Amino acid sequence: MTAAVLPLPTTRRAVGARRPVVRREDLTVLTVLRGGACGDRALHLIDLENLCGAGSTTAEDAARVLAAYADAVKIGPTDCFHIGVAHHMAAAVMPVLCVFPGRLHVRSGRDGAETALLESIDLVHISTRFSRLIIASADRTFTEAADEAHRLGMTVWQVTGRGDLSRELSRVTDLRMRLRLPRPPAEVLAARARRLPT
């Protein structure tokens, strides 16, 4: 199965009539990204499922997670964002992704989002245009890419959320930070509990 790269819609009509309500205060930090701060250039690989700590979440929770990310990470005006999710999560969080500047990569299956993100980049080319690679995930799938980015002279950061931490990935990154996030919504916790074996 190949990854789908979806353009982010820019109008309310493109999102569709049936969408979850996202509070304005959850989105205010995200709109600041368009201005950004001055400094070196970074490529952000955001594994949204891993940051949220679940294969699915609500639009409200995704907005809080991305707002916490934007608040914690130094973001420059020329930074680029690649966001990876599974198909079912993409539909749920699309209202939030419409205001977050970046490319959406969608693939389902085991390590689908991670694979879609890694296949979307060419590290040799990226190392000539960006000084930092920021991996927003705790998944060890990114370890080889982080190691290769180091060899190419890039500084590698790791930002983690609710996902379980990979020691292998942490060992090959220069800077590590964990987002301070509220508990996931009750419906996400309930769905996760239903999937756990008893």
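Residues numbered from 1 in each chain as written. Predicted model: local features only at pLDDT ≥ 70, side-chain atom pairs only at ≥ 80, totals over all residues. Heavy atoms only, no water.

Asks: It is not clear to me how the pairing of strand S6 (residues 155-160) should be interpreted in this structure. Could you clarify?
Replies: Within a regular strand, the side chains alternate between the two sheet faces. Judged by how many residues are buried, S6 sits mostly within the fold: 5 of 6 residues are covered. Here strand S5 (residues 132-136) pairs with S6 via 5 bridges, running parallel. Each bridged residue has a counterpart across the sheet, and for alanine 136 the counterpart in S6 is valine 159. What joins S5 to S6 is helix H8 (residues 143-151), and the crossover it makes is right-handed. Examined bridge by bridge, S6 and strand S7 (residues 175-178) share 4 bridges and lie parallel to one another. Opposite threonine 160, over in S7, you have arginine 178 as the bridge partner. (Buried < 20%, exposed > 50% of the residue type's maximum accessible area, 1.4 Å probe, protein only. Helix = DSSP H or I, 4+ residues; strand = E, 2+ residues; numbered from the N terminus. Pairing = 2+ DSSP bridges. Right-handed = clockwise from strand over helix to strand, strands pointing away.)

Asks: What exactly am I supposed to notice about helix H6 (residues 112-119) here?
Replies: Helical periodicity: at 3.6 residues per turn, an α-helix aligns residues three or four positions apart in one direction. Taken together, the buried positions of H6 are occupied by Gly112, Ala113, Glu114, Ala116 and Leu117. Looking at the buried residues of H6, the elements they touch are strand S2 (42-47), helix H3 (48-52), strand S3 (80-85) and strand S4 (103-106). (Contact = heavy atoms within 4.5 Å.)

Asks: When you look at helix H4 (residues 59-72) in this model, what are you seeing that I'm missing?
Replies: Relative to the 20 Å expected for 14 residues at 1.5 Å per residue, H4 spans 20 Å between its end C-alpha atoms, a close match to the ideal helical length. Burial analysis of H4 places 10 of its 14 residues in the buried class, the great majority of the element. Of the positions making up H4, those classed as buried are Ala59, Asp61, Ala62, Ala63, Val65, Leu66, Ala67, Ala68, Tyr69 and Ala70. (Expected span 1.5 Å × (residues − 1).)

Asks: Explanation requested: the pattern of salt bridges in the structure shown.
Replies: Here the idea is simple: oppositely charged side chains can pair when their charged atoms come close. The full count for this structure, using the stated rule, is 6 salt bridges. In this structure, the salt-bridge partner of arginine 107 is glutamate 119, at a minimum N-O distance of 2.7 Å. Linking arginine 107 in the loop between S4 and H6 with glutamate 119 in helix H6, this pair joins segments that are 12 residues apart in sequence. A relative accessible area of 53% places glutamate 119 in the exposed class. Residues participating in the shared-partner salt-bridge network are Asp40, Lys74 and Arg132. (Salt bridge = Lys/Arg side-chain N within 4 Å of Asp/Glu carboxyl O.)

Asks: Whenever I open this one, the environment of alanine 59 confuses me. Can you help?
Replies: Structurally, alanine 59 is set in helix H4. Spatially, the C-alpha atom of alanine 59 lies 6.0 Å from that of alanine 92, the residues being 33 residues apart in sequence.

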